[in-house]
Structures are given as C-alpha cells and as structure tokens.
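Remarks on the overall topology
Letter by letter, the chains look like this.
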Amino acid sequence: FMDKFVKVDAKHYVITGLQSGNLVPFRAVKDGKVLARRGKVGEEVITYTDGGLVEKVNKVEIDPDTGNPEWVLMKANEHGYPIVDEYGHTNEWIKDDSDFMEEYVPDKSIDGVYESVDGAQIFVPVLMDSILVQGGEEMFVKAGGYLNITDLTKIYGISKRDFDDTYRIIDELNMQKAI
C-alpha cells in the first residue's frame, strides 16, 4: 500500500494548493493534553499515523538553544492517561526544549500532564496519501489528515485521528490573496 503515497515538497504543495484554491485553510486551537518527559539523548521515538503506519522516526537530541535534551510528548486523555490507538500505539513525538517551554504549561491537577498555551494555528487538509519532504526529512501523511502551515518553514503533518484528539476548529480563512 506504500506505492499509493506520492512524494511532495511540503512548501510547494501548500503554496500551489492555496493559490489554486484546492486547499482551504482553517484555524484551530489545541485543546488536548499531553504527557511529557525529558527524553534521553539518542532515544528513538516513533510517531504513528492512521492505520498504524509509521509517520516519522526521530532520535532525541540536545536543543542547541538551551543545551538540554528534547522532550518526548504523548497524547493524554482528560484523566492524564495515555491515548492508545487500535494498534496499541501511544504515539509519541519530540519537541525542542525551548519550543516546549514556550508552548506548554503544567496541568495543575495532574502531575506530568501539560496543556498547550499556543494560540490559533493554521491548517490545510491533505488530499492524497503523501510523503512530505521538508528540510531533507520525510513524513508520511494519509489523505484526510492535515498540515500545520502556521510557519511555512516548519510545516508538519498530523493524522485525522490525532487532529480530532488534539484540536478544535475555529474558522476558515481566505489566504489566496496573502500568498
């Protein structure tokens, strides 16, 4: 089934899709909780997408801005327990130390659980099974997922399931004129 995936340059995909009107951007806010811990340098972290497919494999590194190891995050439910998919995956991902400190605050009611302080972010839908390429890295995103395009230099994909677990849509945007 991997042969159905099309390799695309993330930024080019977004810009041409917005210009043509094929991609309709929208704003959403993160309202899900995460479990977070400092990673161990060299630790391998696997992020999964819909259907149990490996979306991305990364290793924990030292954040050059802080000198500290990156954080490993995992989606949590409202009680602070890991959200597990139908394949038994807990779906972890890595966040730079400096970004984590800016984007998350501890949940006062559950130890080890954090809440996002990010404001609205901008997304577009993924229309076809894609291998997104940006900065030499590849990320698999199935059709029906989304791309976070808030910062066009740091585009990343998120599966529909993960988006539904984590975000709440606010409104649609008309960005054609802004591109």
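Refer to the structure above for everything that follows.
A brief look at the structure comes next. (Residues numbered from 1 in each chain as written. Predicted model: local features only at pLDDT ≥ 70, side-chain atom pairs only at ≥ 80, totals over all residues. Heavy atoms only, no water.)

**Some details on the pattern of salt bridges**
Taken as a whole, this structure holds 16 salt bridges when the rule is applied. The partner of Lys4 in a salt bridge is Asp129, and the shortest N-O contact between them spans 3.9 Å. With Lys4 in the segment before strand 1 (6-9) and Asp129 in the loop between strand 10 (121-125) and strand 11 (130-134), this pair connects stretches of sequence that are 125 residues apart. For Lys160, the salt bridge goes to Asp164, with nearest N and O atoms at 2.9 Å. Separated by four residues within a single helix, Lys160 and Asp164 lie in helix 3 (residues 160-166), roughly one turn from each other. Here the salt bridges share partners, and the residues they tie into one network are Lys75, Asp85, Arg161, Asp162 and Asp165. (Salt bridge = Lys/Arg side-chain N within 4 Å of Asp/Glu carboxyl O. Helix = DSSP H or I, 4+ residues; strand = E, 2+ residues; numbered from the N terminus.)

**Looking at the packing of aromatic side chains**
Tallying each qualifying case throughout the model produces twelve aromatic pairs. With a centroid separation of 4.1 Å and an interplanar angle of 20°, the aromatic rings of Trp71 and Phe100 are classed as stacked. In this pair, Trp71 is assigned in strand 6 (residues 71-76) and Phe100 in helix 2 (residues 97-103), connecting sequence segments 29 residues apart. Taken individually, Trp71 and Phe100 each receive the classification buried, so the pair is uniform in this respect. Measuring from ring centre to ring centre gives 5.0 Å for Phe100 and Tyr114, while their planes differ by 70°; the resulting arrangement is edge-to-face. Of the two residues, Phe100 is situated in helix 2 and Tyr114 in strand 9 (residues 113-116); the sequence distance between them amounts to 14 residues. Phe100 gets classed as buried once you look at its relative accessible area, which sits at 1%. Taken together, the ring pairs connect Phe26, Phe123, Tyr146, Phe163 and Tyr167 into an aromatic cluster. (Phe/Tyr/Trp six-rings, centres within 6.5 Å; stacked < 30°, edge-to-face > 60°. Buried < 20%, exposed > 50% of the residue type's maximum accessible area, 1.4 Å probe, protein only.)

**What to know about the environment of Lys95**
With respect to the helices and strands, the residue Lys95 is situated in strand 7 (residues 92-95). Residues Lys95 and Glu61, spaced 34 residues apart in sequence, show a C-alpha to C-alpha distance of 9.9 Å. There is a polar contact of 2.7 Å between the side chain of Lys95 and the side chain of Glu103. (Polar contact = N/O pair within 3.5 Å; in protein donor to acceptor, adjacent residues only side chain to side chain.)

**A short note on helix 1 (residues 10-20)**
Of the positions making up helix 1, those classed as buried are Ala10, Tyr13, Val14, Gly17 and Leu18. All buried residues of helix 1 lie within an arc of 115° about the axis, which places them on one face of the element. In the core, the buried residues of helix 1 are packed alongside strand 1, strand 10, strand 11 and strand 13 (146-148). With its phi angle positive at about 85°, Gly21 sits one or two positions after the end of helix 1. (Arc of directions from axis to C-beta. Contact = heavy atoms within 4.5 Å.)

**What to know about the pairing of strand 10**
The buried fraction of strand 10 is high, at four of five residues. For strand 2 (residues 26-30) and strand 10, the ladder comprises three bridges, and the chain directions are antiparallel. Directly across from Arg27, in strand 10, lies its bridge partner Ile122. Of the strand pairs in this sheet, strand 10 and strand 13 are connected by three bridges, and their pairing is antiparallel. By the bridge assignment for strand 13, Pro125 is matched with Tyr146. (Pairing = 2+ DSSP bridges.)

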